[in-house]
Every structure is written in structure tokens, then in C-alpha cells.
Amino acid sequence: MVKGGTENGAPLSSNCEGQTEFDLDADGSLRFYILDAYEEAFGASMGTIYLFGKVKMGDTYKSCSVVVKNIQRCVYAIPNDSVFPSHELITLEQEVKDSKLSPESFRGKLHEMASNLKNEISQQLLQLNVSSYSMALVKRNYAFERPDVPVGEQYVLKINYPFKDPPLPEDLKGESFSAVLGSNTSALELFILKRKIMGPSWLKISNFSTNSPSQRVSWCKFEVTVESPKVITVLVSEEKVVHPPAVVTAINLKTIVNEKQNISEIVSASVLCFHNAKIDVPMPGPERKRSGILSHFTVVRNPEGTGYPIGWKKEVADRNSKNGCSVLSFENSERALLNRLFLELNKLDSDVLVGHNISGFDLDVLLQRAQACKVLSSMWSKIGRLKRSSMPKLKGNTNYGSGATLGIMSCIAGRLLCDTDLCSRDLLKQVSYSLTDLSKTQLNRDRKEISPNDIPKMFQSSKTLVELIECGETDAWLSMELMFHLSVLPLTLQLTNISGNLWGKTLQGARAQRIEYYLLHTFHSKKYILPDKNSQRMKEIKSSKRRMNHGPEGHNVDELDADLALENDPSKDNKAKKGPAYAGGLVLEPKKGLYDKYVLLLDFNSLYPSIIQEYNICFTTIPRSEDGVPRLPSSQTPGILPKLMEHLVSIRKSVKLKMAKETGLKYWELDIRQQAIKLTANSMYGCLGFSNSRFYAKPLAELITLQGREILQRTVDLVQNHLNLEVIYGDTDSIMIHSGLDDIEEVKAIKTKVIQEVNKKYRCLKIDCDGIYKRMLLLRKKKYAAVKLQFKDGKTCEDIERKGVDMVRRDWSLLSKEIGDLCLSKILCGGSCEDVVEAIHSELMKIKEEMRNGKVALEKYVITKALTKSPEAYPDSKSQPHVQVALRMRQRGYKEGFNAKDTVPYIICYEQGNTSSASSAGIGERARHPDEVKSEDSRWLVDIDYYLAQQIHPVVSRLCAEIQGTSPERLAECLGLDPSKYRSRSNDATGSDPSTALLFATSDEERYKSCEPLALACPNCSAAFNCPSITSSVYASISKKSETEESDSTFWLKLQCPKCEPEGSTGRISPAMISNQVKRQIDGFVSMYYKGIMMCDDESCKHTTRIPNFRLLGDRERGTVCPNYPNCNGTLLRKYTEADLYKQLSYFCHILDTQCNLEKMDVGVRIQVEKALTKTRPAVQAAASMARSIRDRCAYGWLQLTDIAI
DNA sequence: ATGGTAGGGAGATTAT
DNA sequence: ATAATCTCCCTAC
Ligand SMILES: [Mg+2]
Ligand SMILES: [Mg+2]
């Protein structure tokens, strides 16, 4: 055994830094924890790869790189049928089995048969000037898409030769072979697969030489070279693996805009380093505080033409002495700043660079500026771990306009990049992923935002400059906190250890690549030849072939054109998004409506992964032809994919078992692992259908979804036809069953029964109960909301679940979402139909009033939409608000926040003094960024009309679509909109099912307790008395059976003044009198509303107004908005609001009602009440309908009412 | 360069 | 004018 490190002749201890040698195992081998790897894709160093990671040195770990040389290409030539005639092979193999033929002579015969093949390949290699190569006949499997490679097991010719020699052409064919595979497989991929490296782990390096500092190609503390990849193996240890801690550094740059060139220049760079971050387990805040080793540093430089503020030198000195080390330095040029920064970064020797949008902004700027300032390569390349002499192309594929290019990524080789922007998009669902918003929602921290235009000014005083520096340091800290908060490192490490790809790729969020590596490892270990990466060359060959097939000679011009059009459309496929390639999940037509009996939600667990297992769907089990969905396999022996799924399921199960016994941190750690396993299993299907995947298998994906559709349909049939239950909806893997029951125990019994019946039909598939809804509003496909029962330690609580409805979407304003939620909670609270409708109506009137009065905060008007492309890339940007806003903000110097995938906030406005253009201008022109609206000199005001008509109305209208007693017109009226525009064309014939109406009674007394009572006066004695509601007094008289009681409540039965003589007609009150008196009181409330004085309560505003004439104002009521809004926070208050009036009128309607209130009663009681009402009803009918009609006009803005009232 | 399809809804554009 | 169609965004699964 050769002792490691001595080959070079350099003694181990000769390192200059003192205690500077890494630990070796007893056998002289080196333990190396691999974190990252890199290879040059072109050039002389092909075949050499660089591994980066950690080695142990005493109690600590140090960075180390490993240069792996002499990796060989590995190509397979697929022999033609004639080379190994199958009957001969079978005979020979049988003879070997029967010991009639020795294995040696069998191999001899094989080689004899393959001699032509070998000669042909040799010829090809010689033509490429390949001087040394080896060939071997090996048995390999194939199961993928190349039509020129037979499926199944066969002997193939394996060819190894150095990477320095050129690859064999991918489309190479010969007389004795039909194809070559693997000709462009990269050295790094071969290394990872052959060494079976499953992500970051300890490797054993048994034979290496140590590179002396002068020989080094990396910036690592240590560097070794190995001459063959085979000296590296995965270390298997019995003890629990100890993952070394990582050095994690957060970087944040502050930049100014160079107006001339429209580029960013760096004025400040902050780094925050966490020297001992655990990578395999989450690190909660307290632990980080207790045991974290931190350091930080900022370097600033003054912009050209500005000096430093007076006393700045002293300020810096003070800060440094206070910290006991250099934490702040200042330079006089960007170049000096960069040099300082790169030196600091080199000292830190970071494993991970973290930052918010660091891959889309900071890194790019850093390298662009290093290049522009002519920073030496020996300096800027310290950003990574590999020494470099020339800057790669930084502007790679700018098609997306965001994310790091290949050039940038190659610069940081050896360090991992954790962009908390990208990570949070993957791990969280948020309206916005800006550092400011994430800090608030995730860390509960307020972040100070500095506009890029304000930065130059901040160099004017020490105070503001310190502020700028602290902002940079805080941003670095926030980003680091986010990374820990989201457990980014442990989660991505788990994912990487499952799949065996590079950790850096997982951090970039490349899900397809993760699955690809998992499959590569799996199929490689089972001796399969792997599908090649689709190179540009093969794509061209394929498409030209297709063209040949489609366009033979002799077509007329028209047909050729059509052909080209067809060919052209998908040929954009590398750019334009394609339509769906195959059918997906089945979505059942919902039985819309409001359900007030229990609804069961049943859902198959991991449907697609389970289907793969259940039906044994795999590359290896299913013969696939060009078109059409393949058939299910007959084979019972599980394919590779199903076995892999089974493995994932079983290890997840074991993790979950362990979890049950753990708590706290350990539980958390296991939960992350469990999640990672599930994520991997669930991603598998998506990658089968991903056309750029090496394992793209549309037929398999299609077969899986087809099975899914059939399973769902079968389940529906079973539940409906055999169990006689009502299925009201279902999506892909779920069904919702309307039980029609109020008894939870009965519902649970049904649940158990259904689950049992469904599950006994399948081997792997399992349906389960995902929830029980007490009430449910089913609006459309993928849009519903429900009161879900939650069973928490013995107790049940209720909780509103919303799916797909406008309130869960970021592209509606908070205002409409809040109103939507309010309406939803009213609808789902179980009140009677009219109560709900009335509550909604009055809520709308209230909010309308508040909006008109400027009482609604500006933030509530913000709509957020994401850019799917860089804003310039939109062909028709004019009509799109978010694109317009992004373009304008970019022009104003904002370099971050308005790129592809960023979310853009905007408010729809109108220009002050330009009311006419409010509605005529396109919506794109009227959109403004909140900052634009807020700014002092803004001429833009919130377009209240837009929000009423286009934000609130549609949202509420959709929620109320299934609610009786209201309509889009009514809702429009409440919002002060012209109802005629919202008239439904299908004349109310949309059969509203009465069975789905709200049936619950709530206390009306409670609802109307703030209203004035209805007081009637006796014409005879002039005594006034308050009237209770007709139905309640009738009900009371029936239940008490005490006719003797003399009170106001008997009035409605007798229609006589309770104070006057019971006999005779003196105290009798006629229907006309009732109607008149009610009218008079209504008029009183109306005029009270009219007299309402509008007053702005902000002293500085001094805006007082009396609404002069409603008729002149029309339905807009613009005058009630404080003209200073939104700059004035003053409120225009109305003493008696429209909502108050509405409620009052509704109360009178309620009192006089002899219809709706009855519907809430039990049938038995109702008959009695009906009987008792026979006299009363005709007497109050006129009054009741008058009150109703006035109430209904209430929402018109009182235009018609004024006519009546005057 | 960075899994899938189904589907609702807004708004602009084009066809009838 | 009104309806069909397309593009864009976001969501459910
Ligand atoms: Mg499911
Ligand atoms: Mg589901």
C-alpha cells in the first residue's frame, strides 16, 4: 500500500503554516467529504475533474480540492442482429450452463463473432487519431427511446478511451453496428455514476499526491491529485455519518446606476460569515445564537465626484476598535473595493455563498465590475475555489433575464450558491418574494428599503453613510436568517443524498436534473445503457428526418405552407411554451351550490407514484410505439421504476416510524428527510412527461394519467351506483361526497365504508379521508370553499378552507380579497339566506362608502402580478399593467425587482383632473407602482370606480352566484354601480335549486339591535307603540296560547291600538294608515341620511363639505373623496351612512315580512302561523311592499328615491 | 436550463 | 355589436 501524499516527494509535514496537515486513516488513505465538483466542458483539461470539499484536521475541517485525472470515455457500440445471431448465442450460453463449454472459450467465441465489429470501431477510432483505447464485450440492458437500439439484454461492445481524444459522432453507424451510445457523456457524470457517489458524503482516497502551493489550481487550503478515478470510493462506515460544518457567507452589494451606460456600479459590499453551520440538521435561532461563530465585514467606496463625509475616517476607526477587528474599510475606487472584497472572501474560505437574488444580481454585478475595473484574475477568481485566468462569457443565454448564467456559475466552482430568492420560491407560497416582504412574513422583521436613486446622497453625511452600510449588513443577515429559517441546507442535502446529483444543482432548484440523476444511478447499477443527453446535433438530425417524412416531392404550394407552419410552430420549442402534449387528470363537473350537510373529502394518497407501482409501469415493462397510449404490462415482475417507488415508500415509512418516537430537533430533522423522499417520489411522474428530460417517456406519462382518470371514474361509479352516495365533485385523485346528513357519527361510518370498499380493489393504491366539511360552497371546477372540521387532541374546531377562489390569488387586491373573505364567512356561517344576503349588501355599501371617503388604506388597493419574462420581452406590453409598471420602474433606475419571475405590485389609478380618461384609457396606462402613487408630487389617484366595478363586484358576485336573494345587479346597486350593466342574459332561468338555499336561523334581534324600532300611532288616542316583527309576535301568541296578554305584541293579530278600547272600531288601524306611517318614518331616516355632513377630520386638510345635490353628482359621488387623498389621511365622515339606512329599512321589511320568515320554521309550526296570519297579511301587504321597494332602491345612490321623497 | 396537465378569468383582438 | 379566440396569469391537482 502506497502511503498517501508521499509520491510527490514532498514530505507531509513540510507545509509552511505550522500545524498544517490533514488527518489520514491508518492505511494512509484520505477521508474527503465531497461538497461540489466541476469540470471544464471543453479544452485541454477534458477528462480532468475537480472535487471540492472538506478534510479533517485535528478538531476542525479544512477545505480541500481533489484533481482527478485520466477519466476515460465510455462508449457502447450496439451490434447489428447479424453479429450475435440470437439462436447461436442461446445455444452457446446453454452449453456454458451445462458445463459443456468453458467460460473462457465462450468469451473467445464471442470475440470471434465480434471481430468485424471491433475492426470497424477501431477504424473509426483511428480516423479520430485515438491512439490508446480498450474494447470489451459486455452484457448490457437497454430500455429507452432510441429506435435503432433493441430493447432488452444483449452483448454490446464497450469502448474506453481518453477524453483528450474527440468523441465518436453520435449518429455513427456501421455495417456491424446500428448505433453508438454514450459518446458525449461527460467525465463528471461518468465519475459520479461509476463511483456511485450519492451527493455530499465521505469518500476514501487511497492513492494521491499532495500539490504544493505553487502547483495548485485551487484556492483551497489543501489540494491533492489522483491519477485514476478508481482510487476514490464511497466510504462506508458503521458509525453514524458526521457531516462537517460549512462556512456560509452572505453577500450583499449596494450599487448606484451609471446613467450613461445604464449599468450598476458597486459602492458598498457587505459580507456576513457563519463559520460553523450545520448542513445536515436544522439549526434553530437559539442554537445559532449560542454556538454560532460569526464575523462580518463591509467595504465602501465613494462615488466619483463625491468625497467622504467629514469625520468619516474617525467614524470608521471607532467602529473597528469597538469591534476589536476590522469590520469596515473604505476605498477610493470601485477597483480597490473589489480587491478588498476578494481578499476578505479568500480569507473566509466559504463553502456556501448566500444572498437574496445573489444569482440574479450580486454575482453578476460583482463579476461584470471586476471585468470592467480590470481586477486581476488572481483576485476575482477568489470568488470561487478554482483559479482562473480568463473571465468566461458572463452574458450567456440572456433569454430569461434572470438567474446566473453558466459563465457566472463556473466562476464560483467549488462553492455552493444559495439564493434565498430562488429557494423561497420553491419552498413557500407568497405574494411577493422580495427580501422586504419575506423578512416580514417569515422573520417578522421590518426591513428598511433604500431606493437606488437615494444611495448617492447617502455619502453626504456620516449618519446616512452608516445607515447605508448597516442596511447592507442587515440585508446580508436577513438573507442568512432566511436560509436557516427555511432549513435550505438540510433539505437540499437530503434531496441530493437521495438522488446523487450535485448539491449545487439542487440548490438551483433543478428538479428534473435531480430525478435524472436518481434514474441514472439506478439504471446504471442495474447494467443499463443510459439515455444520452439530447445534443444540438441530434436534434437537428431528428428534425430533418421528420421533415423528410412529412414533405416528399410533388406537393402543391398550399400544402407545403401548411407543413411548414406545423413544423415551425413546435420548432420554436426551445423558446415558446408548448401546449399540453398529452391528457392529464380528470376533473369532474361540480354540482355547484351551497351544501349545509356534511361533505366528505376522499383522496388517493400519492396517486401517480402509486399507479406506477400498482400497474408496474416502467421503461422496462412497457413496449412503446411511436403513437398512442401503450397498454398496461402483463409482466408481474416489478420493473425498475416500481421497485424504486417501493423503496422510497418503504424508507419513508421507516423514517415516519422513527419520527413517532422523537420530538424536537430530531423530529424536525426526520421530517425534513421524510419530506425530501416524498418530493422525490412525486417529481418522478412530472419528469417522465418533461420533454427535455433524458428520461422523457410521453407514453409512460400518458399511461399514468390515463390510469388516473380511469381510477377516478371507477371510484365515482362505485360510490354513486353501488354505495348510493352523491358525488358532487372530484379532481384528479379526489372525490367529494355529499352525505346529506347532520350526524357526524353517521358520516364517519359512511367514510369508513367507502374507504374500505375502494381500497379493497387495489394492491398499492390507497384512498383516505382528507377532511370533513360541515358546510361547503362549490362554485366551479377548482374553485370552492368550505368549513372544515379539524380534530385536534380530542376537540373539534372549524376552519374555513379556500381553494382556487379569488381570495387565494395574488392577482386580486387585498381589498377585494378581504371583502371576499368577509362575504365567504357570512355565507358559510350558516345564517338564513336573507340574513346573509342582507349582511353582504350592507357590507358592500359600507365599503363603498369607506372607499369614497378615502378611508381605505392605499396598500389594500395593491394588485400583484408576476412577470413571466423580462419586461422588454413582451410583444404587446401596452395592455399589461404589471409590464408597464416594470418598464417604468426599470427606467427609473431600479435594477432589482423587475425582472422575469419578479412580482410587480401596482394600483389602478386615474390622473388628477382628467376624469374623462379614467375609463377610456387602457388599463395598462392607468397602472402605477405604489411608490409612484405615494410620492409627493403624484398626480395619480386611486380609481375607486375601477375597484368597485372590476375588483369587488366580480369577486363578490362569483361568491354569491349560488346564493338566492341576490344577483349581480343587486350587488352592483349596493356598490353604487349601474345595475343594468350587470343584468344576466339568461333570464333567471338558471334553475336555482331551493334545496341548496341557506336554511339556518340566526337571531334577528341581534342583527337589528342598533336600529330604531317601528313606532305606530293610534289615530284615536294618539298613543305610540313599538311594533315587534309580525312573525315573531304571531309565533309567540301560538306558543304561549295565552290570548289574554295585553301588550304590543298582540297588535299585529288584532290590528287595533292596544291602548284603546278592545271593542268597537275606535282603535282600529287601517292598512293605508300603516303604510303611511311606515312611509313617514322611512322618510325621516332618508332625510337624516341627506343632512349628513361630510367633514375631513384632518386638521391640516381643513376640507369640509356638504353634499349639495345628489342628482348633480350622479352615481359616482366623487365629491365625497377628500381631494387630497391619498396624501391626506383625513377622513370624510358621514354621521348616518348609507349602510345604516339600508339596515334600518331592512329592519322595517323584516318587521312587516309575512313570507321569508316563515320559511325558516318547522312545517308544523308554519301551518299554524300561516293560519294566524290570514287576517294580518292583507293588511300589511301595501306597507311591506312599499318598504321593500324603497330599500331596494337604496343602492341606486338615491336618485329615484329623491323623486319619491320630495 | 431548471417536472406535468386542467381550468377559470381578465382583457385585447379578430371573426361574424 | 357580439361572439369567438388568443395571450397572460394563477391556481388545483
Ligand atoms: Mg392525493
Ligand atoms: Mg387530491
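Residues numbered from 1 in each chain as written. Chains lettered and ligands numbered in written order. Predicted model: local features only at pLDDT ≥ 70, side-chain atom pairs only at ≥ 80, totals over all residues. Heavy atoms only, no water.

Within an unreviewed UniProt entry, the label attached to chain A reads DNA polymerase, and the organism entered is Brassica napus. Under the Catalytic activity (unreviewed entry) heading, UniProt states for chain A: "DNA(n) + a 2'-deoxyribonucleoside 5'-triphosphate = DNA(n+1) + diphosphate". The annotation that UniProt attaches to chain A under Function (unreviewed entry) is "Polymerase alpha in a complex with DNA primase is a replicative polymerase." (UniProt positions renumbered as here; feature names shortened; annotations may be inferred.)

Trainee: Sorry if this is basic, but what is going on with the coordination of the magnesium ion (ligand 2) here?
Mentor: Each pair of donors in an ideal octahedron of six around a metal sits at 90 or 180 degrees, and each pair in an ideal tetrahedron of four sits at 109.5 degrees. Surrounding the magnesium ion (ligand 2) are the protein donor atoms Asp603 (OD) and Asp733 (OD), at 2.0 to 2.4 Å. Residue aspartate 603 is classed as buried on the basis of its relative accessible area, which comes to 15%. Assessed through its relative accessible area of 18%, aspartate 733 is described here as buried. (Donors = N, O, S within 2.8 Å, 3.2 Å for Na, K, Ca; no water. Buried < 20%, exposed > 50% of the residue type's maximum accessible area, 1.4 Å probe, protein only.)

Trainee: Can you walk me through the sheet that holds strand β14 (residues 294–301) in this structure?
Mentor: Hydrogen bonds between backbone groups are what pair the strands of a sheet, and the pairing can be parallel or antiparallel. Read from one edge of the open sheet, six strands run β15-β14-β13-β12-β16-β17, paired in mixed fashion. Of all the strands in the sheet, the pair left with one neighbour each is β15 (328–331) and β17 (416–419). Recorded for the sheet is a direction-independent mean angle of 20° between the axes of neighbouring strands. Pairing of strand β12 (residues 246–258) with strand β13 (residues 263–277), which is carried by twelve bridges, proceeds in the antiparallel orientation. Looking across to β13, one finds that alanine 250 is bridged to leucine 272. (Pairing = 2+ DSSP bridges. Helix = DSSP H or I, 4+ residues; strand = E, 2+ residues; numbered from the N terminus. Axes fitted to C-alpha atoms, helices over the stretch in contact; angles between N-to-C directions.)

Trainee: Looking at this model, I keep getting lost on the nonpolar core. Mind explaining?
Mentor: The nonpolar side chains of a soluble globular protein tend to be buried, and buried together. Ranked by size, the top nonpolar core spans 112 residues in total, and within it Leu51, Ile232, Phe523 and Phe619 carry the most contacts. Residue-level mapping places this core at the junction of two domains, with at least three residues from each of domain 1 (1–97 + 114–243) and domain 3 (593–804). Sequence-distant contacts of isoleucine 232, that is, excluding residues within four places in its chain, are made with Leu51, Val66, Val68, Phe191, Arg195, Leu203, Lys204, Ile205 and Val226. By size, the runner-up hydrophobic cluster in this structure holds 61 residues, among which are Trp812, Leu858, Val933 and Leu971. (Core = buried A, V, L, I, M, F, W, Y, C linked by side-chain atoms within 4.5 Å. Domains from an automatic or database assignment. Contact = heavy atoms within 4.5 Å.)

Trainee: Mind showing me how you'd approach the coordination of the magnesium ion (ligand 1) here?
Mentor: At 2.1 to 2.3 Å from the magnesium ion (ligand 1) lie its protein donor atoms, namely Asp603 (OD), Phe604 (O) and Asp733 (OD). Read in sequence order, the donor residues coordinating the magnesium ion (ligand 1) give the pattern D-F-x128-D. Here the magnesium ion (ligand 2) and the magnesium ion (ligand 1) are spaced 3.7 Å from one another, each receiving a donor from aspartate 603. Here aspartate 733 lies in the loop between β20 (726–729) and β21 (734–738) and phenylalanine 604 lies in strand β19 (residues 599–604), a separation of 129 residues in the sequence. Taken as a pair, phenylalanine 604 and aspartate 733 share a single burial class, namely buried.

Trainee: Help me out: how do you make sense of the environment of alanine 1187 in this one?
Mentor: On the secondary structure map, alanine 1187 appears in helix α39 (residues 1176–1194). Exposure remark for alanine 1187: the relative accessible area of 1% places this residue in the buried category. Residues alanine 1187 and phenylalanine 1148 lie 39 residues apart in sequence; the distance between their C-alpha atoms is 6.9 Å.

Trainee: I'm lost on the protein's contact with DNA strand C in this one. Help?
Mentor: Residues in contact with DNA strand C amount to 19 residues; listed here are only the nearest, Asp733, Arg810, Ala866, Thr868 and Tyr874. Within 4 Å of the protein, the atoms of DNA strand C are drawn from sugar and phosphate moieties in a proportion of 91%. With respect to DNA strand C, the backbone of alanine 866 contributes an N or O atom lying 2.5 Å from a phosphate oxygen. Between a sugar or linking oxygen of DNA strand C and a side-chain N or O atom of glutamine 880, the distance comes to 3.4 Å. (Near = heavy atom within 4 Å. Polar contact = N/O pair within 3.5 Å; in protein donor to acceptor, adjacent residues only side chain to side chain.)

Trainee: Hey, could you run me through helix α20 (residues 640–660) in this one?
Mentor: The periodicity of an α-helix, 3.6 residues per turn, causes residues three or four positions apart to be oriented the same way. With 21 residues, α20 extends 30 Å from end C-alpha to end C-alpha; this agrees with the ideal 30 Å at 1.5 Å per step. Turning to α20, its buried residues number three or more, namely Ile640, Leu641, Pro642, Leu644, Met645, Leu648, Ile651, Val655 and Met659. Those residues of α20 hidden inside the fold are in contact with α14 (488–499), α16 (511–525), α19 (607–614) and α21 (664–688). (Expected span 1.5 Å × (residues − 1).)

Trainee: So what exactly am I meant to see when it comes to the packing of helix α12 (residues 435–443) against helix α13 (residues 462–485) here?
Mentor: Packed helix pairs are characterised by how far apart their axes lie and by the angle those axes make with each other. The geometry of α12 relative to α13 is characterised by a closest axis approach of 10 Å and an angle of 50° between their N-to-C directions. As the angle between them shows, α12 and α13 are arranged oblique. Regarding α12 and α13, the two cross each other, and that crossing is left-handed. For the pair α12 and α13, the contacting residues are Leu435, Leu438, Ser439, Gln442 and Leu443 in the first and Asp475, Leu478, Ser479, Glu481, Leu482 and His485 in the second. Of the residues contributing to the contact of α12 with α13, the split by class is five nonpolar, four polar and two charged. (Parallel < 35°, antiparallel > 145°, perpendicular 65-115°, else oblique. Left-handed = near helix turned anticlockwise from the far one by under 90°. Nonpolar A, V, L, I, M, F, W, Y, C, P; charged D, E, K, R; others polar.)

Trainee: Looking at this model, I keep getting lost on the side chain of arginine 73. Mind explaining?
Mentor: With respect to the helices, strands and loops of the structure, arginine 73 is situated in strand β4 (residues 72–79). At 6.8 Å, aspartate 165 is the nearest oppositely charged side chain to arginine 73, a buried residue that forms no salt bridge. Here aspartate 165 takes part through its backbone oxygen, which lies 2.8 Å from a polar atom of the side chain of arginine 73. The contact partners of arginine 73, leaving out residues within four places of it in the chain, are Met46, Ile159, Asn160, Tyr161, Pro162, Phe163, Asp165, Pro166, Pro167, Ser183 and Leu190. (Lys, Arg positive; Asp, Glu negative; His and termini not counted. Salt bridge = Lys/Arg side-chain N within 4 Å of Asp/Glu carboxyl O.)

Trainee: Got a minute to help me understand the pattern of salt bridges in this structure?
Mentor: If the charged atoms of two oppositely charged side chains come close together, the side chains can form a pair. The tally for this structure, following the rule as stated, stands at 55 salt bridges. Residue lysine 139 is joined to glutamate 93 by a salt bridge in which the shortest nitrogen-to-oxygen separation is 2.9 Å. Of the two residues, lysine 139 sits in strand β5 (residues 134–142) while glutamate 93 sits in helix α1 (residues 86–97), which places them 46 residues apart along the sequence. Accessibility expressed as a relative area gives 28% for glutamate 93, which makes it partly exposed. The salt bridge involving glutamate 932 is made with arginine 888; its shortest N-O contact spans 2.9 Å. Of this pair, glutamate 932 sits in helix α28 (residues 930–934) while arginine 888 sits in helix α26 (residues 881–891), and the two are 44 residues apart along the sequence.

Trainee: Even after reading the chapter, I still don't get the sheet that holds strand β2 (residues 49–57), so can you show me in this structure?
Mentor: Across the sheet, seven strands lie side by side as β9-β10-β3-β2-β1-β8-β11; this open sheet has mixed pairing. In this open sheet, the two strands that pair with only one neighbour each are β9 (209–210) and β11 (232–234).

Trainee: Even after reading the chapter, I still don't get unusual backbone geometry, so can you show me in this structure?
Mentor: With the exception of glycine, the majority of residues adopt a negative phi angle, and the majority of peptide bonds are in the trans configuration. Here asparagine 444, not a glycine, exhibits a phi torsion of approximately 55°, which is positive. On the secondary structure map, asparagine 444 appears in the loop between α12 and α13. At serine 606, a residue that is not glycine, the phi angle is positive and equals roughly 35°. Residue position: serine 606 is located in the loop between β19 and α19.

Trainee: I would appreciate a short explanation of the packing of aromatic side chains in the present structure.
Mentor: For any pair of aromatic rings, the description rests on two quantities: the centre-to-centre distance and the angle between the ring planes. As enumerated under the stated definition, the model contains 24 aromatic pairs in all. Ring geometry for tyrosine 61 versus tryptophan 202: centroids 6.1 Å apart, planes at 40°, classification tilted. In this pair, tyrosine 61 is assigned in strand β3 (residues 60–68) and tryptophan 202 in strand β8 (residues 201–205), connecting sequence segments 141 residues apart. The residues tyrosine 61 and tryptophan 202 share a single accessibility class, namely buried. Between tyrosine 142 and phenylalanine 144, the ring centres sit 5.6 Å apart and the planes meet at 85°, which makes this aromatic pair edge-to-face. Across the pair, phenylalanine 144 and tyrosine 142 agree in class, each one buried. (Phe/Tyr/Trp six-rings, centres within 6.5 Å; stacked < 30°, edge-to-face > 60°.)

Trainee: Looking at this model, I keep getting lost on the state of the cysteines. Mind explaining?
Mentor: Joining two cysteines, a disulfide is a covalent bond between their sulfur atoms. Using the criterion set out here, one finds zero disulfides in the structure. Just so you know, cysteine 960 is unpaired, no disulfide at all, and the nearest cysteine sulfur is the one on cysteine 823, 5.6 Å from it. (Disulfide = S-S within 2.5 Å.)

Trainee: Help me understand the confidence of the model for chain A in this model?
Mentor: Keep in mind that low pLDDT regions are not for reading the predicted coordinates in detail. Taken as a whole, chain A shows an average pLDDT of 86; of its residues, 81% reach a score of 70 or greater. Confidence over residues 1092–1134 falls short of pLDDT 50; this stretch has 95 contacts with residues more than four positions distant or in other chains. Contacts from residues 1195–1206, a stretch scored under 50 in pLDDT, to residues over four places away or in other chains number 25 contacts. Confidence metrics for the complex model read pTM 0.84 and ipTM 0.98. (pLDDT = per-residue confidence, 0-100.)

Trainee: For this particular structure, what's the right way to read the environment of threonine 621?
Mentor: Inspection of the secondary structure puts threonine 621 in the loop between α19 and α20. Overall, threonine 621 belongs to the buried group, its relative accessible area being 13%. Counting along the chain gives 478 residues from threonine 621 to alanine 143, while the straight-line C-alpha distance between them is 8.7 Å. Apart from the residues within four sequence positions on either side, threonine 621 is in contact with Asn616, Pro633, Thr637 and Gly639. Polar side-chain contacts of threonine 621 include one of 2.7 Å to the backbone oxygen of asparagine 616. A polar contact is formed between the side chain of threonine 621 and the backbone nitrogen of cysteine 618, at a distance of 3.1 Å.

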